[in-house]
Structures are given as C-alpha cells and as structure tokens.
Amino acid sequence: MSFNPSILSSPLAYLKGVGPQRAELLARELELHNGEDLLFHFPFRYADRTRFTAIKEVDNEEMYYQLKGIVTSKEVIGSPRQKRLVVKLKDDTGTIELVWFQGVQWLEKSILHGQEYVVFGKPQLFNSRFNFSHPEIELAAQDRESQVGLFPVYSSTEKLKQRGLATKAIAKLTKQLVSGISSNELPEILPAWVLQKFKLCGRYEAFKWIHYPHDEEQLKQAQRRIKFEELFLNQMGILRLKGHHDRTEQGPVLKAVGPLLQQYLDHHLPFSLTNAQRRVLKEVRQNIIYGKQMNRLVQGDVGSGKTMVAFLSMLMAIDNGYQACLMAPTEILAKQHFQTLSGYAEPLGIKIGLLTGSTKAAQRRPLLEGILNGEIPILIGTHALIEDKVQFDKLGLAVVDEQHKFGVAQRAALHQKGTLKPHILIMTATPIPRTLAMTLYGDLEVSVIDELPPGRQPVKTQHFNDSHRLQIFGFMRDEIAKGRQVYVVYPLIEESEKMDYKDLMDGYESIVRAFPMPQYNVSIVHGRQKAEDKEWEMQRFAKGETQIMVATTVIEVGVNVPNATVMIIESAERFGLSQLHQLRGRVGRGGEQSFCILMTGHKLSNEARTRMRTMVETNDGFKIAEVDLKLRGPGDMSGTQQSGVLSFRLADLSQDQAILQAARETAIELLSADSLMERPEHAALRYHLSLQRKSSTDWSKIS
Ligand code: ADP
Ligand code: MG
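None of the values given here were measured: they were computed from a predicted structure. (Residues numbered from 1 in each chain as written. Chains lettered and ligands numbered in written order. Predicted model: local features only at pLDDT ≥ 70, side-chain atom pairs only at ≥ 80, totals over all residues. Heavy atoms only, no water.)

**Some thoughts on empty space enclosed by the protein**
Thought 1: Within this structure, the stated rule accounts for 3 cavities of 30 Å³ or more.
Thought 2: Size it by volume and the second largest cavity reaches roughly 40 Å³.
Thought 3: Taken together, Thr 430, Pro 431, Ser 578, His 581, Gly 621, Ile 624, Ala 625 and Asp 628 make up the full set of residues lining the second largest cavity.
Thought 4: At the level of elements, α21 (577–584) and α23 (621–632) are the ones that each hand at least two residues to the lining of the second largest cavity. (1 Å grid on protein atoms, 1.4 Å probe; cavity = no way out; pocket = protein on both sides within 12 Å on 5 of 7 lines; lining within 4 Å. Points joined across faces, edges and corners; volume = space filled by probe spheres on them. Helix = DSSP H or I, 4+ residues; strand = E, 2+ residues; numbered from the N terminus.)

Have a look at this one:
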C-alpha cells in the first residue's frame, strides 16, 4: 500500500498564512508541527452561528453568548501605557460594552463604526453591569459562509492570540487543510465489516466533519467514529501485544497438584473458601499449569481475603519445586504478611523469610543464602526484594500486594529474578473501573473477588460536621466500653505538612484530654516517627493495649486489627474517594458491626459533597471507583499518571464505556479470526498500526 501523504506530512509553514515564525509558535505552544497534528487538533466546542442572544438577556458569567449588533461607538481610553478599547454594541434590546486591553490600535482601526458585527464570548460583571472582555468579533456580512452549520472553536494560548492566532485564525488553517485533503490521503483503516456492524461513517468524512460539521447529526457521527477508532486502535495495540506474549512467553510449568496444597486444603484451612476465592484460584491454576507466563491482576475489595488466595497460589509453586515471593508496599505490611503467612505455613513446616530495608546485615546473609540455595521457599518483603543482591534458586511465582504503589520498573525487575519469567499475581484493593482496567491493564488478565467472607456486616458510614464532635466522643466511649477499638485518621498532604502535623497533634491532645489515663490508652502513629516507634505503637494497638489509634494515613493500606470497629476520618473532604474507601476498609474485619464516620467542615464544594454522599450510600468499591473516575477524570486515577495511555483525543473513558466495550469486542473478534492480520481487508489497518507503533507508547510498559 502506498500513498502520498503530502498535506498531512508537510510542515505547517506550507499553509497559507503561516510563515516560519508562526509555525514555530504553533509548534511550541500547541505541539502542532505538521498537517496531521493540525488535523488532530479538534475543536473543543462548536458555535451555532445561526443563533443569537438578545443583548438584554445576557445574564450569566458562566455562559458563552453569541450576539449580533451594530457598533455605535468606539473609544480608546486610559493612559498611553494602559490603553484599552471600549466598543459599544447595540441590538433591538439593548447595548453592551466590549473591551480590549491588547491589540488596541489595530482593533480600533479595523472595527468599523455603524457596521453590523457578530460577537462571541463570555460576559463578566463589571460595576454591576455585564461586559465582554476580548470577545471574538467579526463583521456579520463576512460571516455569511459559516452561517450554515456549526463553527469550530479551537483552543489557543495567550501567546498565540497575541500573534493573531486565536481560534478564528486556527479555524482558517483547518479550513485550508480540510479542503486540501483528498480521500486518498486519509484512507479508510477500519475493515468494511466493522464500519457496517457499527454504522460508522468513513474516516475521511469523519475528519472533515469533526472540524466542519454541517449539523449536530454530522458532528455526532464524526465524534462516534473517531472515538471508536481511538479506542479500537488502543485495544488492538494491547491485544496484539498480549497475543504475542501468550504465543511466546514461557513461564514455569506448575502442573502438579502436590502434597502441600492438598494437605493444607484437607486439614489446615482455617475457614472454608468463598466461591470467589475458589474461582480466582482456578483461574490462576488455569494459567500456570501450562506454563504460559501469567500476569494476573486480582481485584478484591478490602477484606475479601486476597492473602489466602496468595498463599494457596504459593503452595502450587512450591509443590512443583519452585519458590514464591510476596512483595508489599510498606514495611508494616510486609511484617504483617510475614506473620499471617507464617501462621498459615506452620503446620506444613514451610520456612518463610522476611526481607525489608531494616533487616540487619547479620540476618541478611543467611537469608540471602537460603533463598539462593532454595532452603527458603517463601520470601516476603518490601521493595528490598527486587534488589540485585536477592537471587532465587528457582522463583516460580511473585505476588505483589497493593499494586498501586508499584510501577512498571518493578514488574520488569521481578521478571529478571528467574531463569524463566516467574508468574506474577498482582493483588489490589483499589478497584479499577472496568473501562480503565481494559485500557490500562489490557495486557493483564483480571480476576475479581467480588464476595466478602460470610458473616461480615457492611460498615455503616455517616457524615458529620465538626460541631458534632462531643457526640462523636460519646459514641467512641460506648464502643470502647463494649471492648472495641477506634481509629482516628488525619490527612497528611506533603504541601501543607506543617499545618497537618499541627492538626494531628491538636487532635491527639484533645482526644487524650477526653479519654484520660488510666482508663484509656491512646496510640499515635505518624510519618515523623522512627520506624521502631511506629512499629511499637502499631503493635500495642494490634494487641489491644490501646483503645484509640490516632494516625495519619500511614495506616491506609492493609493493616489488620479485627477488633477495631470505628474509623473516624478527620477533614474527610481532603481525601479522595479511593483513599476514603481504603481507610474504611480498616474496620469491619471482624464479626461486629463497624462504623465509619466522616468529619468535615461546614462548607463543602459540590465535588466534596458528592464524595461524602457516595461513601455514605455504598460500600461497593467498584461503584466508588466509577464515581471517582467521573469526578476526577482518568488522568488522576491512582496508577495511571505514569502510563500516558489515557490521553485520548476525543474518547473519554468516564463517558464512552459502551464504545470502548464495542471496540474491545471488535478487536478480539478480528484477532481471533485473523491473528496476524493477513487478510486483504485488514491490510490497511495493519499498515496503520505499524506506523503507529513506531511513534507511540510501548504497550508492554504499562502498569
Ligand atoms: P484483603 O483482601 O483485604 O487482603 P485479607 O486477606 O486480609 O483481606 O482477609 C481479611 C480477613 O478475612 C482476614 O482476617 C482473613 O483471615 C479473613 N478471611 C479470608 N478469607 C476468608 C474466608 N473464606 N472465610 C472467612 N474469613 C476469611
Ligand atoms: Mg491485603
């Protein structure tokens, strides 16, 4: 296939009205280098040039208005250095002022007294009257051409506007570009059967219409087509890579159902597994018995019992003569896992090692030896695990707990730890909405533990403001009198660390005053403490020696004190939804009814209010993640920042789930029928993907 992509690959300087200087500015300010970049610089909004608002109806600073009227006066006022141009625009209903502080001289000359103009912009209230500052303005007569259809509005920057490259001028360039492209230059890449199945318009039309739609209907068609294309290409990239991985990557073959797993299941399992736990284990087994290297993400809400799934998977590895490791994001968690798993493993007589940053040299040496010669079949630790010095005899399975604290590089480093790439099981309690999982982790298999162990009562959540503090203290006393324990958590955000620290200490003091010794004991844990002190305080609380734990978010992830039934979150409005949900997961771990109390100030933003309401209404981590995605957009979701994958031009993962689903299913269908894309109807797509791969993200680096 060959074509001559002339306009699209030409530098923008070749367009009329763009000299070298403007070209450089467009490149610097908007990263527009050539025709193709400009083609993808989609309008962010469209103005319907057929509709005008009467001047007297302008009354909202949040809205854009389009006005049509006669210029009745223009005046340059102010000092020579701070000149401004004030123009009065009049229609049948009233008069409004238009003001410019820049380009005053030029505008003063070009705006003509007594002529009819179309003005577009956002009003502002000034001296209790509305005016427009720096609106778009154009002679009404000149506008005739664009009066049919929707007019594109492009994003620009201050610098570009100063050089005459506001939205209007950019529209002139896109017009030139779009009318200069022939359909050969923008050939169809989607197979005909896909276009038919989803009734998508052609690629060439879509790109013309996205800039210059005739009407709403055309615009919608163009948008749907381009979103589909973006998401489809994304999924093709991911799934092809995964297909390649599945065909070629060999991992350890863990086939035998050995004595340890059997013995454990038959005699030592402390509870019966939930159906969800069983299902996930089956999914894991399905991967590892054939030795296809597994990359599996297990999503399970806090308390859903991921640790047991990890342990049983580890036994599968050991039964086949391999070792297993578990990596946790913090030292506290690593130790807690060490204790839990040591307890599980004891009746089987399996040795477990613990390696963290604070493991002393004297203990480290024998530990590293035992790992290297295979005497220690399970190693638990922090990031210290993936240091060069740690060498396994035969690593078969690596479990990574709380993956969101864990990046790309770490996963790659784990791969280096075995002669064969070990199987990888990633456990996360931060549920990721399906849409994100598909795009972000598309190359991972996903298992979901969607069931809590029986007998758990959902945590009751309530939202109070600070004036109810005494009432809350009363409630704490009641719970403590029943023998329960309470967390009180304060935010700690780096930028305002000092203030936060003060809040924490003030809060601690008032709690100590309200809960005095010797009747009560209060623990405190925060980031400024030494690791030993933190550990000591945590242990006291875990053993029940203290009733109240005042802490910053260091306790966020994973800590397990089943007797704690109350989680009080101070300044809850400062936490994101997923963090709130994580914190709430620290209670409700035993059989007792547990409570989560969100304390906030009186005044809340709408968004904060939505967060509080969501927490009160649901305990379902997936629902919470969906709301979080809607509120914050995918760019801010935990774990997504580093990937860069989510910068779709048009598709919005919080809105376009149905299109994503269709795109994914189509990609799967296509690849299962023609995995190497050898059929003639897939040639154009294959060619496009090969071009794209050269220039874009390496999908294997995601997650
Ligand atoms: P998480 O998924 O948050 O890591 P854990 O593995 O820490 O959850 O499990 C939470 C608690 O539930 C632990 O005390 C664990 O012993 C218990 N648990 C796990 N699975 C079951 C089960 N099937 N039945 C009863 N209790 C269970
Ligand atoms: Mg856990």
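**A closer look at the packing of aromatic side chains**
Thought 1: Across all of its chains, the model carries 12 aromatic pairs by this definition.
Thought 2: Considering the side-chain rings of Phe 42 and Phe 207, the 6.0 Å spacing of their centres and the 40° angle between planes classify their relative orientation as tilted. Taken together, the positions of Phe 42 in the loop between α3 (35–39) and β1 (45–48) and Phe 207 in helix α9 (residues 203–211) put the pair 165 residues apart, joining distant regions of the chain. The same class applies to Phe 42 and to Phe 207, which are both buried.
Thought 3: Grouped by ring-pair contacts, the aromatic residues Phe 40, Phe 42 and Phe 207 constitute a single cluster.
Thought 4: When the ring centre of Tyr 212 is taken as origin, the NZ or CZ atom of Lys 175, which lies over that ring, is 4.3 Å away.
Thought 5: Over the ring of Tyr 501 we find Arg 528, and its NZ or CZ is 4.0 Å from the ring centre. (Phe/Tyr/Trp six-rings, centres within 6.5 Å; stacked < 30°, edge-to-face > 60°. Buried < 20%, exposed > 50% of the residue type's maximum accessible area, 1.4 Å probe, protein only. Lys NZ or Arg CZ within 6 Å of the ring centre and 35° of its normal.)

**A short note on the site of ligand 1**
Thought 1: Contacts to ligand 1 come from 17 residues, most closely from Gln 277, Gly 303, Lys 306, Thr 307 and Arg 456.
Thought 2: Between a nitrogen atom of ligand 1 and a side-chain N or O atom of Gln 277, the distance comes to 2.8 Å.
Thought 3: Gly 303 has a polar backbone atom sitting 2.6 Å from an oxygen atom of ligand 1.
Thought 4: If ligand 1 stood free it would expose 570 Å²; the protein chains cover 82% of that surface.
Thought 5: A class-by-class count of the residues in the shell around ligand 1 yields 5 nonpolar, 8 polar and 4 charged. (Near = heavy atom within 4 Å. Polar contact = N/O pair within 3.5 Å; in protein donor to acceptor, adjacent residues only side chain to side chain. Areas by Shrake-Rupley, 256 points an atom, 1.4 Å probe, with all protein chains shown as cover. Nonpolar A, V, L, I, M, F, W, Y, C, P; charged D, E, K, R; others polar.)

**Some remarks on the sheet that holds strand β22 (residues 595–600)**
Thought 1: The strand order across the open sheet built from 6 strands is β17-β22-β21-β18-β20-β19, with neighbouring strands paired in parallel fashion. Here the strands that pair on one side only, and so sit at the sheet edges, are β17 (460–465) and β19 (522–525). With strand direction ignored, the average angle separating the axes of adjacent strands in the sheet is 20°.
Thought 2: Relative to the sheet, helix α19 (residues 497–514) contacts β18 (485–489), β19 and β20 (548–551), its axis offset from that of β19 by approximately 170°. (Pairing = 2+ DSSP bridges. Axes fitted to C-alpha atoms, helices over the stretch in contact; angles between N-to-C directions. Contact = heavy atoms within 4.5 Å.)

**A look at the side chain of Asp 319**
Thought 1: Assignment of secondary structure puts Asp 319 in helix α13 (residues 306–319).
Thought 2: Within the buried set, Asp 319 has no salt-bridge partner at all; the shortest N-O distance to an opposite charge, 8.3 Å, is to Arg 285.
Thought 3: One polar contact links the side chain of Asp 319 to the main-chain amide nitrogen of Gly 258, over a distance of 3.4 Å.
Thought 4: The contact partners of Asp 319, leaving out residues within four places of it in the chain, are Gly 258, Pro 259, Leu 260 and Leu 261. (Lys, Arg positive; Asp, Glu negative; His and termini not counted. Salt bridge = Lys/Arg side-chain N within 4 Å of Asp/Glu carboxyl O.)

**Brief notes about the pattern of salt bridges**
Thought 1: Within the structure shown, the criterion is met by 20 salt bridges.
Thought 2: Of the charged contacts, one joins Glu 24 and Arg 28 as a salt bridge, the two residues approaching to 3.4 Å between their closest N and O atoms. Separated by 4 residues within a single helix, Glu 24 and Arg 28 lie in helix α2 (residues 20–30), roughly one turn from each other.
Thought 3: On the accessibility criterion, Arg 28 (52% relative accessible area) is exposed.
Thought 4: Linking Glu 607 and Arg 611 is a salt bridge whose minimum nitrogen-to-oxygen distance equals 3.0 Å. One end of the pair is Glu 607 and the other is Arg 611, both in helix α22 (residues 606–617) and 4 residues apart, which spans about a single turn.

**Observations concerning the sheet that holds strand β10 (residues 295–300)**
Thought 1: Overall, parallel pairing links the 7 strands, which are arranged β12-β13-β11-β14-β15-β10-β16 in an open sheet. The strands lining the two open edges of the sheet, one partner per strand, are β12 (352–355) and β16 (445–449). Pairs of neighbouring strands in the sheet enclose a mean axial angle of 20°, with direction left out of account.
Thought 2: In the sheet, strand β11 (residues 323–327) pairs with strand β14 (residues 395–401) via 5 bridges, with the strands oriented parallel. Residue pairing for β14: Leu 326 is matched across the bridge by Val 399.
Thought 3: Each of β10, β15 (423–428) and β16 is contacted by helix α12 (residues 275–288), which is oriented at about 160° to β16, the strand it contacts most.

**Comments concerning the pairing of β22**
Thought 1: Counting buried residues in β22 gives 6 out of 6 residues, a clear majority hidden from the surface.
Thought 2: Two strands pair when backbone bridges link them, and β17 and β22 are joined in this way by 6 bridges, in the parallel orientation. Paired with Phe 464 across the bridge in β22 is Met 599.
Thought 3: Across 4 bridges, the pairing between strand β21 (residues 564–569) and β22 is parallel. Residue pairing in the sheet places Ile 569 in a bridge with Leu 598 of β22.
Thought 4: Handedness of the β-α-β unit built from β21, α21 and β22 comes out right-handed. (Right-handed = clockwise from strand over helix to strand, strands pointing away.)

**Some details on helix α7 (residues 167–180)**
Thought 1: Taking 1.5 Å as the rise per residue, α7 with 14 residues should run 20 Å; its terminal C-alpha atoms sit 20 Å apart, in good agreement.
Thought 2: Along α7, the residues that are buried comprise Thr 167, Ala 169, Ile 170, Ala 171, Leu 173, Thr 174, Leu 177 and Val 178.
Thought 3: On the buried face of α7, the contacting elements are α1 (6–9), α2, α3, β8 (136–139), β9 (150–153) and α9. (Expected span 1.5 Å × (residues − 1).)

**Re unusual backbone geometry**
Thought 1: Between Met 517 and the following residue, Pro 518, the backbone shows a cis peptide bond with an omega angle of -5°.
Thought 2: With respect to the element layout, Pro 518 can be found in the loop between α19 and β19.
Thought 3: At Asn 127, a position not held by glycine, the phi torsion is positive, near 50°.
Thought 4: Looking at the element boundaries, Asn 127 is found in the loop between β6 (123–126) and β7 (129–133).

**Quick look at the packing of α9 against helix α10 (residues 216–248)**
Thought 1: Contact geometry of α9 with α10 gives a least axis separation of 8 Å together with a crossing angle of 120°. Accordingly, the angle class assigned to the pair α9 and α10 is oblique. Crossing hand, α9 versus α10: left-handed. Residues Arg 203, Ala 206, Phe 207, Trp 209 and Ile 210 of α9 touch α10, and the partners they reach there are Gln 218, Leu 219, Gln 221, Ala 222, Gln 223, Arg 225, Ile 226 and Glu 229.
Thought 2: The residue makeup of the contact of α9 with α10, split by class, is 7 nonpolar, 3 polar and 3 charged. (Parallel < 35°, antiparallel > 145°, perpendicular 65-115°, else oblique. Left-handed = near helix turned anticlockwise from the far one by under 90°.)

**Observations regarding the nonpolar core**
Thought 1: Within the largest apolar cluster, 50 residues are counted, with the highest numbers of intra-cluster contacts made by Phe 228, Phe 232, Met 236 and Leu 379.
Thought 2: Tallying contributions element by element places helix α24 (residues 657–673) first for this core, with 7 residues.
Thought 3: Not counting residues up to four positions away in its chain, the partners in contact with Met 236 are Ala 667, Leu 670, Leu 671, Met 677, Leu 685 and Leu 689. (Core = buried A, V, L, I, M, F, W, Y, C linked by side-chain atoms within 4.5 Å.)

**Topic: the domain arrangement of the protein**
Thought 1: What the domain assignment reports for the protein is domain 1 (1–50 + 148–181), domain 2 (53–147) and domain 3 (460–618).
Thought 2: A C-alpha centroid distance of 25 Å is found between domain 1 and domain 2. (Domains from an automatic or database assignment.)

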